[in-house]
Amino acid sequence: MVNDKQHINLHLDAHTVGLDVPREQEPDYRKAAELLNRRFQYYLKLRPNASAEQLWMYTALEVAVALHSDAREKSLVPVEKELNKLNALIIEKLNQ
């Protein structure tokens, strides 16, 4: 049986995190780690006296808000499509 997981080590600030991830998602995990490190560095520059724990909380909150906003926007796409169809139908009927 082919092992569909692979072990990777990600570096998040001063920490190394070892994970077994689906092979096809390995690039996504690496990109996510890069994003987290960039945002952590941003907050470190913004708040140089904050503890690492506080900086990670700011980082996690920012990522969670972005994830929530993205999910909300995606959930509205089907509604927008239906509204556009209805608007087109109304305009068509008004023009008759």
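Residues numbered from 1 in each chain as written. Predicted model: local features only at pLDDT ≥ 70, side-chain atom pairs only at ≥ 80, totals over all residues. Heavy atoms only, no water.

S.K.: Any chance you could explain the pattern of salt bridges here in plain terms?
M.R.: Any two side chains of opposite charge can pair, on the condition that their charged atoms come close. Summed over the entire model, instances satisfying the criterion amount to 2 salt bridges. In this structure, the salt-bridge partner of Arg30 is Glu26, at a minimum N-O distance of 2.3 Å. Note that Arg30 and Glu26 are positioned in helix α1 (residues 26–46) at a spacing of 4 residues, about one turn of the helix. Given a relative accessible area of 33%, Arg30 falls into the partly exposed group. Assessed through its relative accessible area of 17%, Glu26 is described here as buried. Here Glu62 and Arg39 are joined by a salt bridge, their closest N and O atoms 2.7 Å apart. One end of the pair, Glu62, is in helix α2 (residues 52–94); the other, Arg39, is in helix α1, with 23 residues separating them in the sequence. What makes Arg39 partly exposed here is its relative accessible area of 23%. (Salt bridge = Lys/Arg side-chain N within 4 Å of Asp/Glu carboxyl O. Helix = DSSP H or I, 4+ residues; strand = E, 2+ residues; numbered from the N terminus. Buried < 20%, exposed > 50% of the residue type's maximum accessible area, 1.4 Å probe, protein only.)

S.K.: What is the right way to look at the side chain of Thr59 in this model?
M.R.: With respect to the element layout, Thr59 can be found in helix α2. By relative accessible area, Thr59 is classed as buried at 0%. Leave out the neighbours within four places in its chain, and Thr59 touches Leu36, Arg39, Phe40 and Tyr43. (Contact = heavy atoms within 4.5 Å.)

S.K.: Can you walk me through the environment of Asp4 in this structure?
M.R.: The residue Asp4 is located in the segment before β1 (5–12) in this model. Asp4 sits 18 residues away from Pro22 along the chain, and the two C-alpha atoms are 5.8 Å apart. With residues up to four places along the chain from it excluded, the contact list for Asp4 reads Val21, Pro22 and Arg23.

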